[in-house]
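# An overview of the molecular structure
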Amino acid sequence: MWGQLSAFALFYLVATTVGAVVASGLAVVAYRRRDQPAAAEFALLNVTVAGWCGTAVLARLGVPGADYIWHVNNIFVFSLIFVWFAFVLAYTGRSEWIRHPAMLALWSLPGAVVFTVLYPPAQSILVTDGPAKTVEGLSVVPWSFTDIGALLLVLVFLLDIVAFGLLAQFVYRSRAPYSRQVGAIIGARLLGLATGVAFYAGFFPYSDLSLVPAAFAGQSLVIAWALFRYDFLDVVPLTAGTIVDQMADAVVVLDADDRVVDYNPALASLIGCDESAMGRHVDTVLPGLPGALERDGTVGLVPAGADTPQRSYQPQSTPLYDHHDVYRGRLVVLRDVTLQQTRERTLEALRSATERFLDATDPETVAEIATETAQRALDCPYSGVVRYDGEADRLRPAALTDELSTLVEESGLESNTDGHPAAWFTAENELWQVFERGEPRYEVPVWVEPGGDDPAVTAALFPLGEHGVFGIGRRADEGTFSDEDRRFARTLADSTETALDRHKREQELEASRQAVEQRTEQLQFFNSALRHDLRNAVMVIDANLEFLSEHVTDAGRSHLETVSAWVSDMTSLIETVSSLTDAITSPGHSERARQAVDLSAVLEERVDKFAESHDQATVDTDIPDGLRVTGDELVGQVIDNVVLNALEHNDTDQPWVRVTARAEPDTVVVRVADDGPGIPEKFRGEVFSPGVTADESGTIGFGLYFVKVMMEEYGGHVRFEANEPRGTVAVLTFEQATSAESDTTRSAEASDHGG
């Protein structure tokens, strides 16, 4: 048999067999990617082509059952265009058409072809067979279309034309991203179509040996190359009928010259454009859009067919490149940011109001700022603040917008003594209820005419704590307050309440400051009287005691010495009280200028003084050089009071006192130990209180109070501990002087020496 085959017959067999193999391979590859769009339809297309080629080869070779195989071949022939049409639908994004009920009649036709093949009496419905013959060594069964077969053939060609139309439309819709891919698919189909036309026109040498099946295999190969070359099965074309059309945001596609080439229904609805917009420059369709894109700003558009103000849109541009990275245009999404901008402006107004609250000097200014902000930022022209009058136990307007004032003036309601509608300020009214209960109320109707049917204003009322009520309002026909309106108004009310609280605290602090200043002036006066009059009186007494000492008998001398001791104690008390008063009442005493004090020198000086004046006492020291602490000129008197307390309250004939000092991290600790009777533990804290006296003198308790006050002024502290085996230890903890304080002290000393 093979020796009888002509060269053309061999070419036919090889080409058709290769076509069957290629189509089968493509079917396998596509099936493995069946989860990708159109992959399943492409696999079915190649199965059909492979079946067509394979049955044609088997029938021509005259294998057993060749007559039946020939009829099976007709199934693939008549079904091919239907499968091709299904692939085109899936490829162009119309997969839902395949499953549409209206397409059932179309898809039933391939089933009818199968019926004519499997049911022998019906095998002649579409084609009629002639007697078998041999052509160029191959078995051939001549056939011709019946009328029904010809009608079906016409339908097949019509489907092919529709498929071409869908592909052409897709080229127009997809623009640059898939134009080459679609062009390759159309070119491949034209190859198969041209082969069929050439065969039926008699351009091939043998009319019974058709190369159309092999041409369809070649067509599938080109289509596969186009699909996988341009990655179609991995990237789905976003057609207008799928994603872009369903977007709520307006979308416009521009070419490289910024001409409109496509848009979605959302844009058409927004600006009311039609097909006439295609091809026009974008600035004539969407004025201001190019400038907004350049400056990364917004564009204002008035929605078509709606009585609404201009809205703001933020354009977001995405460049479009072809598969050779050549810029072809851009896709622009217009996102409505009107609400976002309104929110940002409102937040900025609230922030500005908060800053202005800080500068407000009185509650009236706070109320005016809140009212103005509500009108400007919240678009509530009928707003105001009413404050609580504690003396009259009533609410009184503190600030009203001009619109609300005009509404009040034109109101037909009975007025109260303040000239405002009395009904608004009764205990039963919403204002008072909000103030008393501390809970906001929304959608509150406000009437301005007695017996009116409809309210003039809809208000929202917010409590301001103990200060009153803040309200916002709009005309009743403007609708209710949104959640954002309520949230922003509540924020403004909270800021207003905080500002009023701050102002009240400042008033209280000012009153307290004035009271302190008055008490300070009184204390300074009494201190002056103490230092002048009482000191003079003590000096007179002391002078007379010296005069009397020459005239007193031995029996009365002890009494004279007692009086002299009391005078000495009184003099010391006057000096201590004067020093303490000066420290407390001096200007800026709360911020007394601290300086570095040479504690080592002060301790040595004070101990030497006491050692000379108390010759019966033993005063030991352990004081290193260079101890500098934070203090002032009264540090010496602090040391005096502690050492004097240790000496004068010692019950031994020869008192012993030991003064030591040690530097520790950040502090310097001075310890004054004695061997006196000691202080019971439960009284060690009380001895620093003012008014605590010793048994024989009222000076000691005050002296220790002075010590406590001054140590706290220096940032340190003082306490008593038990001494072993007997006595008490006074522990004074000073802050170590900083380098800055030391520099300040040296500068002051240098200045004094220089003067």
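Note that the structure is predicted; figures quoted are calculated from it, not measured.

## Observations regarding the overall build of the chain
Regarding its fold elements, the chain presents 21 helices and 21 strands. Here the chain, with 755 residues, has 42% of them falling under the buried criterion. Here the contacts in the chain between residues at least 6 apart in sequence split such that 60% fall between residues at least 24 apart. In the form shown here, the chain has an accessible surface area of approximately 39300 Å², with 55% of it arising from carbon and sulfur atoms.

## A word on helix 12 (residues 338–359)
Helical geometry note: an α-helix holds 3.6 residues per turn, so side chains three or four residues apart project in the same direction. Look at helix 12: 32 Å from first C-alpha to last across 22 residues, which is about the 32 Å you get at 1.5 Å a residue. Considered for burial, the residues of helix 12 that qualify are Thr 338, Gln 341, Thr 346, Ala 349, Leu 350, Ala 353 and Phe 357.

## As for the confidence of the model for the chain
Across the chain, the average pLDDT comes to 80, with 83% of residues at or above 70. Here residues 231–241 is a poorly scored stretch, pLDDT under 50, and it has 27 contacts once near neighbours within four places are set aside; other chains count. Within the model, the stretch residues 696–700 combines pLDDT values under 50 with 11 contacts to residues more than four positions away or in other chains.

## Regarding the pattern of salt bridges
It is possible for side chains of opposite charge to pair when their charged atoms get near one another. Applying the stated criterion across every chain, the model contains 28 salt bridges. In this structure, the salt-bridge partner of Arg 726 is Asp 651, at a minimum N-O distance of 2.6 Å. You can see Arg 726 sitting in the loop between strand 20 (717–722) and strand 21 (728–735) and its partner Asp 651 sitting in the loop between helix 19 (635–648) and strand 18 (656–664), a full 75 residues away along the chain. The class of Asp 651 is partly exposed, set by a relative accessible area of 48%. Through salt bridges that share partners, Asp 255, Asp 257 and Arg 259 make up one connected network.

## Remarks on the packing of helix 2 (residues 39–60) against helix 3 (residues 66–91)
Put simply, helix 2 and helix 3 touch, their axes get as near as 8 Å, and they point 160° apart. Between helix 2 and helix 3, the crossing angle belongs to the class labelled roughly antiparallel. The crossing of helix 2 and helix 3 is left-handed. Its residues assigned to classes, the contact of helix 2 with helix 3 comprises 21 nonpolar, five polar and two charged.

## A word on the packing of aromatic side chains
Taken as a whole and judged by the stated rule, the model has 10 aromatic pairs. Seen in terms of ring centroids, Tyr 388 and Phe 435 are 5.0 Å apart; in terms of plane orientation they differ by 25°. Their pairing is stacked. Linking Tyr 388 in strand 10 (residues 384–389) with Phe 435 in helix 15 (residues 430–437), this pair joins segments that are 47 residues apart in sequence. Under the relative-accessibility criterion, Tyr 388 is labelled partly exposed at 27%. Overall, the relative accessible area of 14% leaves Phe 435 in the buried class. Within the aromatic cluster, the residues linked to one another by ring pairs are Phe 42, Trp 84, Phe 87 and Tyr 91. The ring of Tyr 442 carries Arg 486 above its face, with NZ or CZ at 4.3 Å from the centroid. Looking at Lys 609, its charged tip hangs above the ring of Phe 610, at a distance of 4.8 Å from the centre.

## Things to note about the environment of Glu 466
As for its position among the elements, Glu 466 is in the loop between strand 13 (457–463) and strand 14 (468–475). Between the C-alpha atoms of Glu 466 and Asp 501, which are 35 residues apart in sequence, the distance is 8.9 Å. Ignoring anything within four residues of it in the chain, the contact list for Glu 466 reads Tyr 388, Phe 435 and Lys 504. In this structure the side chain of Glu 466 is engaged in a polar contact, spanning 2.7 Å, whose partner is the side chain of Lys 504.

## Some remarks on the sheet that holds strand 11 (residues 394–400)
Taken in spatial order, the five strands of this open sheet run 11-10-14-13-12, and their pairing is antiparallel. Edge strands, defined here as strands with exactly one partner in the open sheet, are strand 11 and strand 12 (441–446). Neighbour-to-neighbour, the strand axes of this sheet turn through a mean angle of 30°, independent of strand direction. Inspection of the sheet shows strand 10 paired to strand 11 by six bridges, in the antiparallel sense. Pairing of Val 385 across the sheet is with Ala 399, part of strand 11. Across the face of the sheet, helix 13 (residues 363–377) comes into contact with strand 10, strand 11 and strand 14 while running at roughly 150° to strand 10.

## Remarks on the environment of Pro 287
Position of Pro 287 relative to the elements: it lies in the loop between helix 10 (282–285) and helix 11 (289–295). In the structure, Pro 287 is positioned 13 residues away from Gly 300 in sequence and 8.7 Å away in space, judged by C-alpha atoms. Look past the residues within four positions of Pro 287 in its chain and what remains in contact with it is Val 282 and Val 299.

## Remarks on the sheet that holds strand 20
Backbone-to-backbone hydrogen bonds pair the strands of a sheet. The strands run either parallel or antiparallel. Read from one edge to the other, the open sheet built from five strands follows the order 16-18-19-21-20, with strand pairing classed as mixed. In this open sheet, the two strands that pair with only one neighbour each are strand 16 (618–622) and strand 20. Taking the axes of each pair of neighbouring strands and ignoring which way they run, one obtains an average angle of 15° across the sheet. Two elements, strand 16 and strand 18, share five bridges in a ladder whose sense is parallel. The partner of Asp 620 across the bridge, within strand 18, is Arg 658.

## Structural notes on the pairing of strand 5 (residues 250–255)
The buried count for strand 5 comes to six of six residues, which makes it a mostly enclosed element. The side-chain alternation of strand 5 yields two buried faces, one formed by Ala 250, Val 252 and Leu 254 and the other by Val 251, Val 253 and Asp 255. As paired strands, strand 5 and strand 9 (residues 327–336) are joined by six bridges and run antiparallel to one another. Looking at the pairing, Ala 250 lines up with Leu 334 of strand 9. With three bridges connecting them, strand 5 and strand 6 (residues 260–263) associate as antiparallel partners. The partner of Val 252 across the bridge, within strand 6, is Tyr 263. Counting the residues that bridge the hairpin from strand 5 to strand 6 gives four residues, and of these Asp 258 lies at a positive phi of roughly 60°.

## A look at a nonpolar patch on the surface
A surface patch of nonpolar side chains, amounting to about 280 Å² of accessible area, comprises Tyr 68, Val 114 and Leu 118. Tracing the backbone through its elements, the reader meets Leu 118 in helix 5 (residues 104–118). A relative accessible area of 54% places Leu 118 in the exposed class.

## Describing helix 15
Of all the positions in helix 15, only Leu 431, Trp 432, Gln 433, Val 434 and Phe 435 are classed as buried. The secondary structure elements touched by the buried residues of helix 15 are strand 10, strand 11, strand 12, strand 13 and strand 14. Its side-chain oxygen 3.0 Å from the backbone nitrogen of Leu 431, Asn 429 forms the N-cap of helix 15. Gly 438 sits one or two positions beyond helix 15 and adopts a positive phi of about 70°.

What counts and what doesn't
- Every chain is numbered on its own, with residues counted from 1 as its sequence reads.
- The predicted origin of the model limits local features to residues at a pLDDT of at least 70 and limits the giving and counting of side-chain atom pairs to 80 or more, whereas totals for whole chains, interfaces and linings rest on all residues.
- The basis for every side-chain value is the complete set of heavy atoms in the structure, and neither hydrogens nor water enter the calculation.
- The helix and strand labels rest on DSSP assignments: H or I over at least four residues marks a helix, E over at least two residues marks a strand, and numbering proceeds from the N terminus.
- Partly exposed residues are those whose accessible area sits between 20% and 50% of the maximum for their type, while under 20% is buried and over 50% is exposed, using a 1.4 Å probe and protein chains only.
- In this description, contact between two residues means that some pair of their heavy atoms is separated by no more than 4.5 Å.
- For accessible areas, the Shrake-Rupley method is used with a probe of radius 1.4 Å. Any residue's cover is judged against the shown protein chains and nothing else.
- The span one expects for a helix is its residue count, reduced by one, times 1.5 Å.
- The predictor reports its confidence for every residue as pLDDT, a score running from 0 up to 100.
- Should a side-chain nitrogen of Lys or Arg be within 4 Å of a carboxyl oxygen of Asp or Glu, the pair is scored as a salt bridge.
- Think of each axis as a best-fit line through the C-alpha atoms, taken over the contacting stretch in the case of a helix, with angles from 0 to 180 degrees between the N-to-C directions.
- These descriptions rest on fixed angle ranges, namely under 35 degrees for roughly parallel, over 145 for roughly antiparallel, 65 to 115 for roughly perpendicular, and the rest for oblique.
- Handedness of each helix crossing follows the sense of rotation of the near helix against the far helix: counterclockwise by less than a right angle gives left-handed, clockwise gives right-handed.
- Gly falls in the polar group here, along with every residue not listed as nonpolar (Ala, Val, Leu, Ile, Met, Phe, Trp, Tyr, Cys, Pro) or charged (Asp, Glu, Lys, Arg).
- Between 30 and 60 degrees the pair is tilted, below 30 it is stacked and above 60 it is edge-to-face, where a pair is any two Phe, Tyr or Trp rings, Trp via its six-membered ring, whose centres lie within 6.5 Å.
- Both a distance and an angle decide whether a charge sits over a ring: NZ of Lys or CZ of Arg must be within 6 Å of the ring centre and within 35 degrees of the ring normal.
- Here a polar contact is recorded for every N or O atom pair within 3.5 Å, except that within protein the pair must consist of a potential hydrogen donor and a potential acceptor, and residues adjacent in sequence are included only if both atoms are side-chain atoms.
- A pair of strands is labelled paired if DSSP reports no fewer than 2 bridges between them.
- Each patch is built from residues that are more than 30% exposed by relative accessible area and take part in no salt bridge. Like charges join if they lie within 9 Å; nonpolar side chains (Val, Leu, Ile, Met, Phe, Trp, Tyr) join within 5 Å.

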